[in-house]
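# Architecture and fold: a report
Residue-level listing of the chains:
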Amino acid sequence: MAVATPTRAFGASIRRREDPRLITGRGKFTDDIHLANAATAMFVRSPHGHARIVSIDTSAASAHPGVLGVYTFENVKGFISGMPCAWPTTNTGDTLKLATYPPLADGKVRYFGEAVALVVAVDPNTAADAVDLVHVDYDPLPAVINNEAAVAPGAPLIHDSAPGNQAFRWSLVGGDTNGALAHADVRISQTLVNQRLIATPLETRCAVADYNPASGEVTVWVTSQNPHIHRLLIALSTGIPEHKIRVIAGDVGGGFGAKIPYYAGEALCIFASKELGVPVRWSESRSENYVATAHGRDHIQHIEVGATKEGKITALKVTAYASLGAYPSTAAPGVPTWLFGCIIQGPYDIPNNEVHVIGVYTNTTPTDAYRGAGRPEATYMLERVIDLVAAKVGRDPVEVRRLNFVKKDQFPFKVANGTLTYDSGDYELALDQALHTVDYTHLRAWQEEQRAAGKLVGIGFSSYVEICGLGPSSAANAMGFAGGLYDSATIRVHPTGKVTVFTGVHSHGQGHETSFAQIVARDLGLKVDDVDVIHGDTDKVQHGMGTYGSRSAAVGGGALHMAGMKIRAKAQKIAAHLLEVAEEDIEWVDDAFRVKGSPDKAKTIPDCAFAAYMAGNLPAGVTPVLEEQHWYDPENFVFPFGTHICVVEVDRETGETHIKRYVAIDDCGEIINPMLRDGQVHGGIAQGIAQALWEEAVYDENGQLLSGSLMDYAIPKASVMPHLELGHTVTPSPHNPLGVKGIGEAGTIASTPAVVNAVMDALSPLGIHHIDMPLRPAKVWAAIDAASH
Amino acid sequence: MHPAPFAYKAAHSVEEALELLRSHEDAKILAGGQSLIPALKLRLTQPAMLIDISKISSLRGIRRENGKLIIGSGTTHREIEKSSLVAEASPLLASLAPQIGDVQVRHRGTFGGSLAHADPAGDWPAAALAVDAELVIAGAHGTRTVHASDFFTGMLSTVINADELLTEIRVPGEGTPGIYLKHRNAASGYATVGVAVTATHNHGRIGTVSIAVTGATPVAFRASAAEHALTGHAVSAHLLDEAASHAADGLECLSDIHAPAAYRAQLVKVMVRRALGKLLHA
Amino acid sequence: MRIDGTFSFNANREKVWDVLLDPEALKACIPGCQSMTLTGENTYVITLTVGIAQFKGTYDGNVSIQDAHRPDQYEIHVDGKGRPGWVRGVGKIRLVDAANGTTTVEVEGDATIGGPVFSIGSRFVPPAAKLLMGQFFNAMKKRVEGSAS
């Protein structure tokens, strides 16, 4: 299919260049790696949420024909004794109780599905048969699932090292919240549950490890969003020297945060390959993914709000009980703290606010970042608060938002707790555009008519700001993250002027192979098809920090642009030399260096590249070849924002929610590829609507995961998605080299409260003001039924 | 996701399938595999042998005979969905078929497989009961015909014996108005509650009416009391309200994380009312 | 998970009691019972192959009868595990005189179930449990009433 590839690539809706490969089955995912003699690893997993292991009998499994090895914690602990946590943060006087996260259960299982033994066999069928032959005798213990119950006196103790099941207590304080609460005209208390979610990427996790005993080198193919971080953590946890480790994350079928962490399954493939002298592969089934891959969210939040009678919020106090699950996953402690607490006032000027987070262990799958990571928990809380305040003071929620917004002349804006400075924004602009799109005045009139006819229709708003482009390394270090958050780019212009780009961020659905080529094509005056983007292989790509927190375009793209400018600077010297004019007599116009006043006299980047590789005719002091590298460490985060509006009708008799209209106005600064931007917003909104209406990881009181498969865990289907009306405003980031802000998480962050607020607006005539998510029909009907009795 | 070892044999005729069933203990019929394959992969079922009947052409197809619609048990949901014969002869079946699973599932899954599996949340059992389908079961001594009302014996259970095979389903083909309403489980797409209703009316008076419900209880059932309350009466909104409001009386509904029993009972009432309303225009 | 039920037997309480607690009757009437061996007073080791339709699994476990007061009430404690999962439960069984010399058996069961089968097929478990309990008591009923005639 012919695709227009304009020279001015930046800002064009170019189709994803990776798609022909991916949609015709020619992608190369980890599970597509087939090495000769590769053995298959599988895990024996706990059927209990909490139990003491009395004994493990591996004899029958070991004796089974085709089984190469059966291992328990005792066998593997010499290779790896614990999974590292890379964000061991706390900021109060309380010590962080970072429980040991063993790669296989060490004497006790602490969540349903925890790996107890590793079986390696010649093929998958044999391994599956052998898993059934491992006999584990358990002594079940009482489990604790609820975050508040976990820290209540008398709760079952999960880790001896964490008394009271508390991992940390973390706080941020801005202004005088208690004083402001005491003097507030109106006060509201509300408890909100932000339920546990399962990321459900299309591709489950997979790892293939090939250890070479002769060289001591290991190659690990793994489903990772951040291969260099994986390499570092493998080195730190196993002692294999970092330069002997090659991590390859080729095509990865979605991550949503769940492929940030470094997991035991990956480490144990390396162990088994080293032990057995053959490559070892492990590939999750979906039901295994549901227990073995990090879950997300899972907060209980107690909120106190004080406001004036006009609805201006003067005080906000949040105490959140956040579950880490049974063990601290790679980035877990940072998610409900910094990524949640810093942005607690969102797009609003709330001078007095406090946030306290109690991180708890429960008998559940460990949690970690999930699309939005912390920011959806803050935004959902805040947007529910705004609507509750509006209802309390009897004002339109739009007016209450407007009243509380940070105004556009307040930027750069420092939040009350002092942790962040918002770079730029015009929150009213996005709100007004959203109102204009829905024709708000008529929409409210329509709602009145519908209500008069007995229909439950509601209009919900969500205004948000997010912390993206993670982030300045100094800020990351100060927040306790054990790594920098810069990123990298290498641009290699080949002698013919074709370009290979190496980026330290990773694409697993984002479309970097297209959008990053657009950045380079623009900067170097090339066609997009002349630029290839390489990522995900630590032997090919310089150190980089990977993709999460909507950082790729802002940080990876920023690095790429800076490297492009270095190419341009060198090429300019060569061009001037070839044109036999002084460097200052040429300028970059469109796609070439042109002599000022004689634009027909020009040299392109390919011209310069050829000369650079011929190398015999270069200006003095200019080295051969044309290749540049840049590490970009941003000076600040970037802060995308926007407003979403959702219109719903709730079926009074069945409790079903029907989305009648959905409008999203997002501002992610400059837009590299509008089509990809729209795709990110579409997917994000789908996930956010799903949290509002359908998705929930449900455990019973014994720690059994009841939503253990797609039969019971409701991800959104294309057939249930409403038409999405997208729009945007453009407020460039003043400090980002490209002016971009990030769009990967915006839809998820904004849509959840928009939908819930719409449903609550629909139900408000019945006196219903809050129902916890997901708004399953049964739950909504029960509330309607109770309200009508 | 690797099944326990099993033997596999494809049968090419009903006789061959029956012979295989007789000569192998613990054999299981594989038709479209939409329920069986996941269960095998999860090792929730571990039969010694699978007998694949998908290659038996005589089990596939839709025809009309003596005013009845004859549907081979191996006919896919998609074939029923796309059949103009079904659309004309059985509006209820035509209404139901496109509501099953998704297009991929409908291309694979079979009418007979769904009935024989008797999933409490399956769709076809409601329709089979509502139209009082006759199910033809082949065995060593020829065939027997069982009415739908006698076919389902409990959750996942039917009268089909281990050495028998469901071969065809006969349903009335006179085009009786009918409709299937389904409340889909948001995760699985299965019926939280599905209601299959047929009804005729003449000069404002209800003729025959049948109401069958799936998803609500361990096995699909006919809402006989509601049917009796309607038959022969003049159509009115009040009558339909009254009949539907008792449709869940005495039911012991299923309960799960998506829908507690009380909600299922509510859905039965609401959906019966809505289905009647659509068919009787009241 | 609660599993309750009421079953009526056409025999007096002593007669019903003796059959309900007879090891041979238990073995014959517990659905899918493969073996049942007495290991102590009122305590058995048991192997079951049980399930609904083709969804069957084999479970090994212990059954014990406790707090027995003939002919009024007893408790049956069950603890089993197999590939599909595990179960622990207590059934409180009361025998009540009913009209015409018949007996009503009231069961109040409380079971905890877990493991892969529950995680994937939780919707089937409560009705299956109820079904199996019904099978057990109906088999017992046949035995009681058969031997009564």
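What counts and what doesn't
- Residues numbered from 1 in each chain as written.
- Chains lettered and ligands numbered in written order.
- Predicted model: local features only at pLDDT ≥ 70, side-chain atom pairs only at ≥ 80, totals over all residues.
- Heavy atoms only, no water.
- Domains from an automatic or database assignment.
- Contact = heavy atoms within 4.5 Å.
- Buried area = accessible area lost by both parts, 1.4 Å probe.
- Salt bridge = Lys/Arg side-chain N within 4 Å of Asp/Glu carboxyl O.
- Polar contact = N/O pair within 3.5 Å; in protein donor to acceptor, adjacent residues only side chain to side chain.
- Helix = DSSP H or I, 4+ residues; strand = E, 2+ residues; numbered from the N terminus.
- Nonpolar A, V, L, I, M, F, W, Y, C, P; charged D, E, K, R; others polar.
- Buried < 20%, exposed > 50% of the residue type's maximum accessible area, 1.4 Å probe, protein only.
- Pairing = 2+ DSSP bridges.
- Right-handed = clockwise from strand over helix to strand, strands pointing away.
- Phe/Tyr/Trp six-rings, centres within 6.5 Å; stacked < 30°, edge-to-face > 60°.
- Lys NZ or Arg CZ within 6 Å of the ring centre and 35° of its normal.

Next up on the list: the domain arrangement of chain B. All names here are of chain B. When the domains of chain B are assigned, the result is domain 1 (7-52), domain 2 (58-172) and domain 3 (178-280). Each of domain 1 and domain 2 has a C-alpha centre, and the two are 19 Å apart. Each partner contributes residues to the interface: domain 1 has 10 residues there, and domain 2 has 15 residues. Here domain 1 packs against domain 2, burying approximately 940 Å² in sum over the two surfaces, 73% of which is carbon and sulfur.

With that settled, the discussion passes to the interface of chain C and chain B. The interface of chain C with chain B comprises 13 residues on the first partner and 19 residues on the second. Of the roughly 1500 Å² buried where chain C meets chain B, counting both sides, 67% is carbon and sulfur surface. Sorting the residues of chain C by area buried against chain B places Gln54, Phe55 and Arg123 of chain C first, and these three jointly supply 39% of that buried surface. In this structure, the connection of chain C to chain B is made through two salt bridges. One salt bridge in this structure joins Arg123 of chain C and Asp119 of chain B, with 2.7 Å as the shortest N-O distance. In this structure, the connection of chain C to chain B is made through two residue pairs in polar contact (both at pLDDT 80 or more). Those elements giving two or more residues to the side of chain C that touches chain B turn out to be β4 (55-69), α3 (116-121) and α4 (125-148) of chain C. When residues in the side of chain C that touches chain B are grouped by element, the largest group, three residues, is from α4 of chain C. Partitioning the side of chain C that touches chain B into residue classes produces eight nonpolar, one polar and four charged.

It is worth spelling out the pairing of strand β3 (residues 49-52) of chain B at this point. One face of the sheet, then the other: side chains in a regular strand alternate in exactly this way. Residue and element names in this part refer to chain B. Side chains Met49 and Ile51 of β3 all project onto a buried face; the interleaved residues Leu50 and Asp52 project onto the opposite face, where all are buried too. When strand β1 (residues 7-10) meets β3, the two strands line up parallel, connected through four bridges. Looking across to β3, one finds that Ala10 is bridged to Asp52. Pairing geometry for strand β2 (residues 27-30) and β3, over four bridges, is parallel. Directly across from Ile29, in β3, lies its bridge partner Ile51. Handedness of the β2-helix α2 (residues 36-41)-β3 crossover: right-handed.

Let's shift gears to the packing of aromatic side chains. Pairs of aromatic rings are described using the distance from one ring centre to the other and the angle between the two planes. Here the structure, examined in full by the defined rule, presents 24 aromatic pairs over all chains. A ring pair is formed by Tyr440 of chain A and Phe461 of chain A, whose centres lie 5.4 Å apart and whose planes are at 80°; its orientation type is edge-to-face. Here the residue Tyr440 of chain A occupies a position in helix α14 (residues 440-452), and Phe461 of chain A occupies one in strand β18 (residues 456-465), the gap between them amounting to 21 residues. Owing to a relative accessible area of 12%, Tyr440 of chain A belongs among the buried residues under this scheme. Looking at Phe461 of chain A, the relative accessible area reads 0%, which means it is buried. Pairing Trp17 of chain C with Tyr74 of chain C gives two aromatic rings, centres 5.3 Å apart and planes at 85°, and the pair type is edge-to-face. Placement of the pair is Trp17 of chain C in helix α1 (residues 13-20) and Tyr74 of chain C in strand β5 (residues 73-82), with a sequence separation of 57 residues. By the burial criterion, Trp17 of chain C is buried, and Tyr74 of chain C matches it. Through a chain of ring-to-ring contacts, three or more aromatic side chains come together here, namely Tyr348, Phe405, Phe411, Tyr427 and Phe641 of chain A. Lying over the aromatic face of Tyr263 of chain A, Arg205 of chain A brings its terminal NZ or CZ to 3.4 Å of the ring centre. Note that Arg522 of chain A overlies the ring of Phe10 of chain A, its terminal NZ or CZ placed 4.0 Å from the centroid.

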